[in-house]
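# Fold and contact review
Here are the chains, one letter per residue:
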Amino acid sequence: MSQHVKGSPKTGGPGNASGAGAAAERGDHRPTSEALHESEAKYAALMERARDGVFIIQDGLCKFANQATADICGYSMEEMMDKPYTALVRDESRQEAAEEYSARVAGDTGVEPVELEVLRKDGTTRHVEISGAVIQHQGEPALMGIMRDITERKQAAEALRESERRYRLLSENASDIIWVIDLRTGQLKYVNPAVTLLRGYSVEEAMAQTLEQSLTPSSLEAARKAVENALVMQARDDERRFKPLTIELEMTCRDGSTIWTESRLTSHRSPDGETDEVVGVARDITERRKAEEERKRLNEELAQRNRELEQLLYFTSHDLRSPLVNIQGFSREMEYSIEELRSALGDGSLRAEVQEKVTPVLEADMPESLGYIRTSISKMDVLLSALLRLSRAGRSAPEMERTDMGLLLADIHKGAEFRLRDQDVKLDIGELPPCRGDAAQLSQVFSNLLDNALKYLDTGRPGSIRIIGWTENGRSVYCVEDNGIGISQEHQTEVFQMFHQVDRKAGGDGMGLAIVKKIVGRHGGRVWVESEPGVGSRFYVSLPGVNEG
Ligand code: ADP
């Protein structure tokens, strides 16, 4: 496809030598040189404005370069003139370019679009795409080319390739299953190799599966519902794509087992714009599910055991009382009987040796045994009462209501007025935040704590008790602080156990704090103590705040 072109020596621009002949053929009767000039002027104007570079190379030298060529190469148009084209190619490709050029010119072949890296004046390079043809320039063959700067396009394509490579690498090495489904047909369009790791199927096998084969029936149902709901919601917003949603799906495995996955689904328009695709990332949570199920089972078992224990506690403390009352009653009967015997025998009607044998039994053995029975009865009575108290405390589920703790403590304060005055104890109650709880049960909690604070004051110094409260992370926290005898470190956990008393001399039954712990626990709260022997104790109670559901 050679073309015969004559350059104008004045402009250095290409001229169409056949242009004059063609004009004559078309019946243009203007003088040939005028038509030629006109044509040349047109071409020159075109060249100057062209955004692509146009150039002519003859004998390896640049014989024409338009502004765009000069701009791409970083030279002025004057500098371009007679520049060996090899100076515009990077060192390493110079030889190759020279051979290519010679072959083209010698073979009189056009240049198919080739990509080259142009070396600019300032040493930087640009990527160009060059195409062209061999022409006659001033009677000699020359290469006329068009050069387009494709640096940005190349960089963008390279960046895209790099990002695709990175995402492929990520997807292929991910331990989560990543898949893409055509929302309209339900057909799987992509799945990553993690499918083999987690489900045992090869990628090809997984690709050939339908959704019905990949999910267990209940999960299939759940997935369909979730996607439909999401689509309906979005349809309301006039948006076909749905926002990301996370559902737990059970997937089938090659060996017949199943795995539980936490699947995050998002949808987007397919690259061809034809349909919406759902992209899913499924994480294996089988172990987590198993642990959760086990925890649930254990919790249920524990709750059941607790219920049984509560029943046992209630029935033993309640039902053991009647035999105890019997024992108490009959031991009193026996006392009367002994009294009767004593007076019956006191009249001296018995023979002396019988009297001798009976008297120590009547006067010592039997009263002593009865004494033991009575002590045991009252001990058992105390124990049973304490157990019954614990069993009753918080037996009914707390009625969780907004409770004004200021009012509640003011009532308790009033009830303790006499003891406070009697023991000359100062009680300060600060501003208390409200909480959610059962007022009657909470009243028992704070009465027990105040009771203890009073009971375990140090008689060696004036007693002082302070009750304060605050909110912390949405919870209402209260503190009952005293300057009493304190509790040593080793007893600080045990004091909340049933019947645990550090010093039995103080009286009480060792059940007060066990009751506190039980009630607070049933409120979903927590109680703990900080204490230093000889300094005092702080009992903290954390309860649901008013804004907790
Ligand atoms: P009780 O007071 O009837 O003995 P509690 O369960 O209320 O039973 O308390 C258990 C034990 O914890 C008490 O016997 C006492 O030794 C210790 N204790 C409780 N409150 C205080 C306190 N504020 N200061 C010092 N010791 C305390």
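Our subject is the structure that appears above.
The notes below deal with the structure included here.

### What about the side chain of Arg199?
Tracing the backbone through its elements, the reader meets Arg199 in helix H7 (residues 194-199). Although Arg199 lies buried, it forms no salt bridge, and the closest oppositely charged side chain, Glu205, sits 9.1 Å away as judged by the N-O distance. One polar contact links Arg199 to Gln209, side chain to side chain, over a distance of 3.0 Å. Beyond its immediate chain neighbours, meaning those up to four positions away, Arg199 contacts Ile177, Gln209, Gln213, Ser214, Met251, Thr252, Cys253, Arg254 and Ile259.

### Brief notes about the site of the ligand
Close contacts around the ligand come from 21 residues, with Asn452, Lys455, Tyr456, Gln501 and Leu513 the closest. Tyr456 places a side-chain nitrogen or oxygen 2.7 Å from an oxygen atom of the ligand. Within the contact set of the ligand, an oxygen atom lies 3.1 Å away from a backbone nitrogen or oxygen of Val502. Contributing elements (two or more residues each) for the shell around the ligand: helix H16 (439-455), helix H17 (512-522) and strand S19 (536-544). The greatest single-element share of the shell around the ligand, amounting to three residues, is contributed by H16. Class assignment for the residues of the shell around the ligand results in nine nonpolar, nine polar and three charged.

### Digging into the side chain of Arg289
Considering the arrangement of structural elements, one finds Arg289 in helix H11 (residues 286-319). At a separation of 2.6 Å, a polar atom in the side chain of Arg289 contacts the side chain of Glu248. Not counting the four nearest positions on each side in its chain, Arg289 is found in contact with Glu248 and Trp260.

### With respect to the sheet that holds strand S16 (residues 464-472)
Strands sit in the order S14-S16-S17-S19-S18 across an open sheet of five strands; the sheet is mixed. The open sheet has two edge strands with one neighbour each: strand S14 (426-429) and strand S18 (526-532). Averaged over all pairs of adjacent strands, the angle between strand axes in this sheet comes to 15°, irrespective of strand direction. Where S18 lies against S19, seven bridges are found, and the strand directions are antiparallel. For Trp528, the partnering residue across the bridge sits in S19 and is Tyr540.

### Re the pattern of salt bridges
Considering all chains together, one arrives at 37 salt bridges under this definition. Asp82 serves as the salt-bridge partner of Lys63, at 2.6 Å between the closest nitrogen and oxygen. Placement of the pair is Lys63 in strand S4 (residues 61-65) and Asp82 in the loop between helix H4 (77-80) and helix H5 (91-107), with a sequence separation of 19 residues. Look at Asp82 and you get partly exposed, because its relative accessible area is 40%. Arg538 is paired through a salt bridge with Glu481; the nearest N and O atoms lie 3.6 Å apart. Taken together, the residues Arg538 in strand S19 and Glu481 in strand S17 (residues 475-482) connect sequence positions 57 residues apart.

### Some words on the packing of H11 against helix H13 (residues 352-392)
Look at H11 against H13: their axes get within 8 Å of each other, and the N-to-C directions meet at 140°. Here H11 runs over H13; the crossing is left-handed. Every residue of H13 that contacts H11 at Glu310, Leu313, Tyr314, Thr316, Ser317 and His318 is listed here: Leu384, Leu387, Leu388, Leu390, Ser391 and Arg392. Looking at the contact of H11 with H13 residue by residue, the class counts come to six nonpolar, four polar and two charged.

### A few points about the nonpolar core
Formed by 42 residues in total, the largest nonpolar core has its most connected members in Met405, Leu409, Val445, Phe446, Leu449, Ile465 and Val541. Broken down by secondary-structure element, the contributors of at least two residues to this core are H13, helix H14 (405-415), H16, S16, S17, H17, S18 and S19. The leading source of residues in this core is H16, at seven residues. Split by domain, the residues of this core number at least three in each of domain 3 (318-395) and domain 4 (401-544). Not counting the four nearest positions on each side in its chain, Phe446 is found in contact with Met405, Leu408, Leu409, Ile412, Tyr478, Val480 and Val541. Core analysis: the second largest hydrophobic core is formed by 25 residues, Leu188, Val191, Leu198 and Ile247 among them.

### Structural notes on the sheet that holds strand S9 (residues 188-191)
An order of S9-S8-S12-S11-S10 is seen for the five strands of this open sheet, with the pairing classed as antiparallel. Looking along the sheet, the strands with just one partner apiece sit at the ends: S9 and strand S10 (245-252). If you compare each strand with its neighbour and ignore which way they point, the axes differ by 30° on average. Sheet analysis places S10 next to strand S11 (residues 258-269), joined by eight bridges and oriented antiparallel. Looking across to S11, one finds that Met251 is bridged to Ile259. The strands that H11 touches are S10, S11 and strand S12 (276-284); relative to S11, the one it contacts most, it runs at about 120°.

Rules behind the numbers
- Residues numbered from 1 in each chain as written.
- Predicted model: local features only at pLDDT ≥ 70, side-chain atom pairs only at ≥ 80, totals over all residues.
- Heavy atoms only, no water.
- Helix = DSSP H or I, 4+ residues; strand = E, 2+ residues; numbered from the N terminus.
- Buried < 20%, exposed > 50% of the residue type's maximum accessible area, 1.4 Å probe, protein only.
- Lys, Arg positive; Asp, Glu negative; His and termini not counted.
- Salt bridge = Lys/Arg side-chain N within 4 Å of Asp/Glu carboxyl O.
- Polar contact = N/O pair within 3.5 Å; in protein donor to acceptor, adjacent residues only side chain to side chain.
- Contact = heavy atoms within 4.5 Å.
- Near = heavy atom within 4 Å.
- Nonpolar A, V, L, I, M, F, W, Y, C, P; charged D, E, K, R; others polar.
- Pairing = 2+ DSSP bridges.
- Axes fitted to C-alpha atoms, helices over the stretch in contact; angles between N-to-C directions.
- Left-handed = near helix turned anticlockwise from the far one by under 90°.
- Core = buried A, V, L, I, M, F, W, Y, C linked by side-chain atoms within 4.5 Å.
- Domains from an automatic or database assignment.

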